[in-house]
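# Topology and contacts: notes
Below are the chains, spelled out letter by letter.
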Amino acid sequence: MIRTLTLAASLCLGVASAQEAEPSWSVVIHGGAGVIERGALDAQTEAAYRAAMNDAAVAAGEILAAGGSALDAVEAVIRVLEDDPKFNAGRGAVFTSEGRNELDASIMRASDRQAGAVSSVTTVRHPISLARAVMEDSPHVMLSGAGAESFAAEQGLEQVDNVYFFTERRWASMARAAIRMGLPVPPRPEGAPQAEPVNEGALDLMEREHAFGTVGVVARDQSGEIVAGTSTGGTTAKRWGRVGDSPIIGAGTYAEPGCGISATGTGEYFIRLNIAARICTYFETGMSADEALDAVIMDELTGLGGDGGVIMIADGAPLWRFNTAGMYRASLVAGGDPVVAIFGDEE
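Residues numbered from 1 in each chain as written. Predicted model: local features only at pLDDT ≥ 70, side-chain atom pairs only at ≥ 80, totals over all residues. Heavy atoms only, no water.

A few words on the pattern of salt bridges. In the structure shown here, the tally under the stated rule is 19 salt bridges. One salt bridge in this structure joins Arg-38 and Asp-345, with 3.0 Å as the shortest N-O distance. Of the two residues, Arg-38 is situated in the loop between strand S3 (26-34) and helix H1 (43-65) and Asp-345 in the segment after strand S14 (339-343); the sequence distance between them amounts to 307 residues. It is possible to trace a salt-bridge network through shared partners that takes in Asp-72, Glu-75, Arg-132 and Glu-136. (Salt bridge = Lys/Arg side-chain N within 4 Å of Asp/Glu carboxyl O. Helix = DSSP H or I, 4+ residues; strand = E, 2+ residues; numbered from the N terminus.)

A few words on the sheet that holds strand S8 (residues 226-232). Across the sheet, 8 strands lie side by side as S6-S5-S4-S8-S7-S3-S13-S14; this open sheet has mixed pairing. Either end of the sheet is taken by a strand with one partner, and the two such strands are strand S6 (142-144) and S14. The mean angle between the axes of side-by-side strands here comes to 10°, regardless of whether they run parallel or antiparallel. Examined bridge by bridge, strand S7 (residues 214-220) and S8 share 7 bridges and lie antiparallel to one another. Counted as the bridge partner of Ala-219 is Val-227 from S8. (Pairing = 2+ DSSP bridges. Axes fitted to C-alpha atoms, helices over the stretch in contact; angles between N-to-C directions.)

Under the defined criterion, the tally for this structure stands at 1 disulfide. Each disulfide pairs two cysteine sulfurs, and for Cys-259 the partner residue is Cys-280, the sulfurs being separated by 2.1 Å. Measuring handedness by torsion sign, the sulfur bridge of Cys-259 and Cys-280 sits at about -80° and is left-handed. Of this pair, Cys-259 sits in strand S10 (residues 259-265) while Cys-280 is found in helix H8 (residues 275-284), placing the two residues 21 residues apart along the sequence. (Disulfide = S-S within 2.5 Å.)

As a further point, take the packing of aromatic side chains. Following the criterion strictly, the structure yields 6 aromatic pairs and no others. Ring geometry for Phe-95 versus Trp-171: centroids 5.0 Å apart, planes at 90°, classification edge-to-face. Of this pair, Phe-95 sits in the loop between helix H2 (70-82) and strand S4 (103-109) while Trp-171 sits in helix H5 (residues 168-180); the two residues are 76 residues apart in sequence, bridging distant segments of the chain. On the accessibility criterion, Phe-95 (1% relative accessible area) is buried. Trp-171 sits in the buried class, given a relative accessible area of 7%. Measuring from centroid to centroid gives 5.9 Å for Phe-166 and Trp-171, while their planes differ by 35°, and the two rings are tilted. Accessibility classification places Phe-166 together with Trp-171 in one group, the buried group. Put simply, the rings of Tyr-49, Phe-87 and Tyr-328 touch in pairs and so form one group of aromatic residues. Above the plane of the ring of Tyr-164 lies Arg-91, whose end atom (NZ or CZ) is 4.4 Å from the centre. (Phe/Tyr/Trp six-rings, centres within 6.5 Å; stacked < 30°, edge-to-face > 60°. Buried < 20%, exposed > 50% of the residue type's maximum accessible area, 1.4 Å probe, protein only. Lys NZ or Arg CZ within 6 Å of the ring centre and 35° of its normal.)

The 4 strands are arranged S9-S10-S11-S12 in an open sheet whose pairing can be described as antiparallel. The open sheet has two free edges, formed respectively by strand S9 (253-256) and strand S12 (317-322), since each of these has just one partner strand. Averaged over all adjacent pairs, the angle separating strand axes in this sheet is 10°, with direction ignored. Where strand S11 (residues 308-314) and S12 come together, 6 bridges link them in antiparallel fashion. Bridge pairing in S12 links Val-310 to Arg-321.

Now for the side chain of Asn-323. The topology assignment puts Asn-323 in the loop between S12 and strand S13 (326-333). Here Asn-323 falls in the buried class, since its relative accessible area comes to 6%. A distance of 2.8 Å separates the side chain of Asn-323 from the side chain of Thr-302, its partner in a polar contact. Within the structure, the side chain of Asn-323 is placed 2.9 Å from the backbone nitrogen of Gly-308, a separation counted as a polar contact. (Polar contact = N/O pair within 3.5 Å; in protein donor to acceptor, adjacent residues only side chain to side chain.)

With that settled, the discussion passes to the environment of Ala-115. Assignment of secondary structure puts Ala-115 in strand S5 (residues 115-121). For the pair Ala-115 and Met-135, spaced 20 residues apart in sequence, the C-alpha to C-alpha distance is 5.1 Å. When near neighbours in sequence (up to four residues on either side) are disregarded, Ala-115 contacts Ile-107, Met-108, Met-135, His-140, Val-141 and Ile-249. (Contact = heavy atoms within 4.5 Å.)

Here's what the structure looks like:
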């Protein structure tokens, strides 16, 4: 069951309420949050995002219903989203001010709190798979840049030229942002396709979303294991090697027994508040899931001036909360149908 609460006309959230009986498995997915308002998306674009979120939920459900692990479900679904140019992760990631795609990802398993993360990778097709490899095949939690890419090569993970991640609309959005920031527009990457027109409305939407484009999945499998994962290209025209919350365990991704979180939003605020772990800690120490989400997202994050939201699994039930106008999101539980929503006033 989904319920939507409105605290003010300009402050919306959505959350799937905890169910009376825990489902045997469950999954919840986000594709980024931001100023995603009715009327900002044309019918075709809205339908495409809804279909992508629905398909992601169904794909995860097929793995979990067949007895697959939450770890496999999270990785598989994020890999699909990393290949979908609609989302700011993998192919379709935003560009830095220097004209590169720099990718971040993380994954965490609840039962033993094992985690892996990567930041600022430029040639790994699926950063989420690299994050899993860091967790399972290295003694470390986070690797970055060239070192992370060397590890990816050692692990036999697929590597590509950076231009593989190129999309015209992300390039055009970066160029607009660079001009607005008083920076030079970098040279078009070698090997990029010939320039083509980009819908101005799509660029306007991306500028409103620019700080929030991230994909994430939290899943609980039939054994009760919870895994959370997040992948992103960061923020448009980011500078100086900026890294947000997505690869930081506790800020953008967190899982412990009974609770899993993936976040999307203005990463600097999520880092300062350690958002993902903070919600789970509040939940673990006696708050209901709703109370923990309200306290962290609606009160603390909003009070600090940050925007964004999270998806969560608590006691087997999928939930979400955000203080922006919308968030691409979906959930599915055993025996149920996919729930897909975008706007803040949707159930």
